[in-house]
Amino acid sequence: MRAALPIALVQCMLLGGMTPADEPSPAAPHAVPALPSEAATTLGSRLPSKEPLDPTDLLFAAPTRIDRIGRIIAPVMINGRGPFRFIVDTGANYSTISPQLAAALGLKQTAESTILVNGVTGTAQVPSVPISRLQVGDLIVENTQLPVVWAPLMEGADGILGAAGLTEGRLLVDFAHNRVVLSRAREARAPGYFARLPGMRLSGGLVSVEAHVGGVRVDAIIDTGSERTLGNIALQKALFSRRSDRNGAKSTKVYGATTHVVSGELDVAPTIDFGTVQIAKVTLVFGDLHIFQVWGLTDRPALIVGMDVLGTVAGLGIDFHHAEVYLDAVYSVSGCRHTSVSAFACG
């Protein structure tokens, strides 16, 4: 069972890019998760727990609750076998496979096939295995390499699906009915009564939307692979540089895909305004994080919107081809419910 996040430790499964020894096809999606473990833990050193899983860990669309951060799972076929449970990461253009699944499929790791990966706090070399065919829905990737990584937040899952690498794909998530659909983006149209947020594509296929935090314009990356919502230093300065009382901020440590540990601060942000959707009382994690450098988002205020926010809406959609985000902003957390497009935090 995955525990709630402690106030003094920020755990992120945030994914960046990779640089393999032999560069694969640019069209092939891979993902590189950040390890949320202790600083001394090495990549791939932990195997899945044999303890029984909490029933919520078996959902495909697990919503965020006060005692638990949600996540999104997709059924993935590997080399014609499966389906296997992969965590959907819209902040990654690469995918990864767990050591346990790689061994079960008879996939061999070699020292010559290591990959340099970017995590939330730094970089690391990890082993990889060859994959002949990866399929999710009607989206297919052939002849690629997947990094082999285990992270504690992968409990109950077999890997990470780097959805940003599926440049022709569209993700639709229905938290209310435990439904996740990945398909080809055929037309630019918001499903049903979802609020539509026009965005833009960044390097690596990431989708960013314009938002305002307390009146400060920010570039907001929609990232289902991050448990927490993260702000860069430029945003922190813009929001709090003139505030004399800094006692509201709490120190924390951010652990990523390497043994690098970054200091950060937890602080309650002003309302996050997406135009048609507003979210209040969100505790942001601010820090000088490596991933902001990788994405070229250090000079201007930027936000990585994680599952602590995304998992609170009733439905979520991302069209990677047309760079659009859809939100069904009926909000429900531990009995708190709001049916307009303005969401708020309970508790």
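One structure accompanies this document, and this report is about it. (Residues numbered from 1 in each chain as written. Predicted model: local features only at pLDDT ≥ 70, side-chain atom pairs only at ≥ 80, totals over all residues. Heavy atoms only, no water.)

Observations concerning the overall build of the protein chain
Working step 1: A count of helices and strands for the protein chain gives four helices and 26 strands.
Working step 2: Evaluated residue by residue, the protein chain yields a buried proportion of 58% over its 347 residues.
Working step 3: Considering only residue pairs separated by 6 or more positions, the protein chain has 68% of its internal contacts joining residues 24 or more positions apart.
Working step 4: For the protein chain, the exposed area adds up to about 14100 Å²; of that, 52% sits on carbon and sulfur atoms. (Helix = DSSP H or I, 4+ residues; strand = E, 2+ residues; numbered from the N terminus. Buried < 20%, exposed > 50% of the residue type's maximum accessible area, 1.4 Å probe, protein only. Contact = heavy atoms within 4.5 Å. Areas by Shrake-Rupley, 256 points an atom, 1.4 Å probe, with all protein chains shown as cover.)

Focus on the nonpolar core
Working step 1: Membership of the largest hydrophobic core comes to 79 residues, with the highest contact counts inside it found for I97, L161, L235, F274, L303 and L316.
Working step 2: Ranked by residues supplied to this core, first place goes to strand β16 (residues 216–222) with five residues.
Working step 3: Apart from the residues lying within four places of it in its own chain, the contact partners of I97 are A102, L105, L107, V129, L146, P147, V148, V149, D158 and G159.
Working step 4: Counting seven residues, the second largest nonpolar core, distinct from the first, contains I87, W150, A151 and I160. (Core = buried A, V, L, I, M, F, W, Y, C linked by side-chain atoms within 4.5 Å.)

Observations regarding the side chain of S226
Working step 1: Locating S226 in the fold gives a position in the loop between β16 and β17 (230–231).
Working step 2: Note on S226: relative accessible area 1%, which makes it buried.
Working step 3: There is a polar contact of 2.6 Å between the side chain of S226 and the backbone oxygen of R228. (Polar contact = N/O pair within 3.5 Å; in protein donor to acceptor, adjacent residues only side chain to side chain.)

Section: empty space enclosed by the protein
Working step 1: Counted under the stated rule, the structure contains three cavities of 30 Å³ or more.
Working step 2: Roughly 50 Å³ of volume is contained in the second largest cavity.
Working step 3: Together, L197, I222, F274, I279, V305, V309, L310, V313, V325 and L327 line the second largest cavity.
Working step 4: Elements supplying a minimum of two residues to the lining of the second largest cavity: α4 (307–310) and β25 (324–333). (1 Å grid on protein atoms, 1.4 Å probe; cavity = no way out; pocket = protein on both sides within 12 Å on 5 of 7 lines; lining within 4 Å. Points joined across faces, edges and corners; volume = space filled by probe spheres on them.)

Examining the pattern of salt bridges
Oppositely charged side chains are able to pair whenever their charged atoms sit close together.
Working step 1: Counted according to the given criterion, the structure contains six salt bridges.
Working step 2: Here E210 and R217 are joined by a salt bridge, their closest N and O atoms 3.6 Å apart.
Working step 3: On the basis of relative accessible area, E210 is assigned to the partly exposed category, the value being 45%.
Working step 4: Here D219 makes a salt bridge to R217, at a shortest N to O gap of 3.2 Å.
Working step 5: Within this structure, E210, R217, D219 and R300 form a network of salt bridges that share partners. (Salt bridge = Lys/Arg side-chain N within 4 Å of Asp/Glu carboxyl O.)

Spatial relationships are all this shows, so hold off on functional conclusions.
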